[in-house]
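Coordinate inspection notes
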Amino acid sequence: MKRSKLKLKTDLKVKPKKKSIQVSIPKKPTKPPTDIKNVSILLHGEKKIGKTSLFAQEIGAFFLEFDPLQPFAIRQRQIPSWSHFMAYLDLVEKKPGEVETLILDGVDIAYQFCFDWCCQKLAIVHPQDENDYGQSWKFIRNEFEKAMLRVL
């Protein structure tokens, strides 16, 4: 019996199929929202210039106060920690319609709460002391961004 030698081609390269992405340039500008409730607003300014007073006029607003409670007749809750903030976000998401406008007063303090919570969770004193190629900082940033996206 005669055996035939088969040559296997081992250098076959399979090219992945390219997905066709459809793009176009709009002919007309997009229409902006006509109701201010359909936009997100970041208001930054010096202390005591009236930022909270401005938003206190908003009907249906709910203030999550990282700063001390405001002396206004508004729906507000003091937020003493990152865990409390996350619990309030859960509550607001579970009760759609009860809060038309969510206002975070003192976001710089919110970031500090997030920072402290993440350090505790990672069992570290400060991310700069870790030799983890920025993974601690990334964890903090991701936690804060995730929460802010929930607010939006």
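Whatever comes next refers back to the structure up there.
Here we summarise the structure given alongside this text. (Residues numbered from 1 in each chain as written. Predicted model: local features only at pLDDT ≥ 70, side-chain atom pairs only at ≥ 80, totals over all residues. Heavy atoms only, no water.)

1. Regarding the sheet that holds strand β2 (residues 75-78)
Here is the rule: Here the rule is simple: two strands pair whenever DSSP picks up at least two bridges between them. Comment: elements are numbered from the N terminus, with helices defined as DSSP H or I runs of at least four residues and strands as E runs of at least two. To obtain each axis, a line is fitted to C-alpha atoms, and for helices this fit is confined to the stretch in contact; angles are then taken between N-to-C directions over 0 to 180 degrees.
Reading across from one edge, β2-β1-β3 is the order of the three strands in this open sheet, with parallel pairing throughout. Edge positions in the open sheet fall to β2 and β3 (101-105), since each of these has one partner strand only. Here the strands of the sheet are splayed against their neighbours by 20° on average, with no regard to which way each runs. In this sheet, β3 lies alongside strand β1 (residues 61-65) in parallel orientation, the contact comprising five bridges. Note on β3: the bridge partner recorded for F63 is I103.

2. Here's the deal with the layout of surface pockets
Note the threshold: Using protein atoms alone on a 1 Å grid, points that fit a 1.4 Å probe yet trap it form a cavity, whereas open point sets bounded by protein on both sides within 12 Å along at least five of seven lines form a pocket; residues with an atom within 4 Å of a point count as lining. Grid points are joined across faces, edges and corners, and a volume is the space filled by probe spheres set on the points. The nonpolar class holds Ala, Val, Leu, Ile, Met, Phe, Trp, Tyr, Cys and Pro. Asp, Glu, Lys and Arg form the charged class, and all remaining residues, Gly among them, are polar.
Estimated volume of the largest pocket: approximately 1,600 Å³. Lining the largest pocket are 47 residues; nearest its centre among them are I41, F55, I103, L104 and D105. Among the secondary structure elements, those contributing two or more residues to the lining of the largest pocket are α1 (51-56), α2 (82-94), β3, α3 (107-122) and α4 (135-151). Here the lining of the largest pocket is composed, by residue class, of 24 nonpolar, eleven polar and twelve charged.

3. Regarding the packing of aromatic side chains
Worth spelling out the cut-off: Stacked, tilted and edge-to-face pairs are distinguished by plane angle, under 30 degrees for stacked and over 60 for edge-to-face with tilted covering the rest, among Phe, Tyr and Trp rings (Trp via its six-membered ring) whose centres lie within 6.5 Å. Partly exposed residues are those whose accessible area sits between 20% and 50% of the maximum for their type, while under 20% is buried and over 50% is exposed, using a 1.4 Å probe and protein chains only.
Following the criterion strictly, the structure yields eight aromatic pairs and no others. The interplanar angle of 55° and the centroid separation of 6.1 Å between the aromatic rings of F62 and Y88 together place this pair among those described as tilted. Taken together, the residues span a long stretch of sequence, with F62 in strand β1 and Y88 in helix α2 at a distance of 26 residues. In this pair, the class of F62 matches that of Y88, namely buried.

4. Regarding the side chain of E143
What counts is decided by this rule: Only heavy atoms enter the contact rule, under which two residues are in contact if any of them lie within 4.5 Å.
For E143, the position within the fold is in helix α4. Beyond its immediate chain neighbours, meaning those up to four positions away, E143 contacts W82, M86, C114, W117 and C118.

5. Description of the pattern of salt bridges
Inclusion rule: Whenever Lys or Arg places a side-chain nitrogen within 4 Å of a carboxyl oxygen from Asp or Glu, that contact is recorded as a salt bridge.
This structure, assessed with the given rule, holds five salt bridges. Taking the shortest distance from any N to any O, the salt bridge between D90 and R150 comes out at 2.6 Å. You can see D90 sitting in helix α2 and its partner R150 sitting in helix α4, a full 60 residues away along the chain. By relative accessible area, which is 34% here, D90 ends up partly exposed. R150 gets classed as partly exposed once you look at its relative accessible area, which sits at 27%. For R141, the salt bridge identified is with E145, shortest N-O distance 3.9 Å. You can see R141 and its partner E145 sitting in helix α4, four residues apart, about one turn around the helix. On the accessibility criterion, R141 (42% relative accessible area) is partly exposed. On the accessibility criterion, E145 (41% relative accessible area) is partly exposed. Put simply, D90, E93 and R150 are held in one network by salt bridges that share partners.

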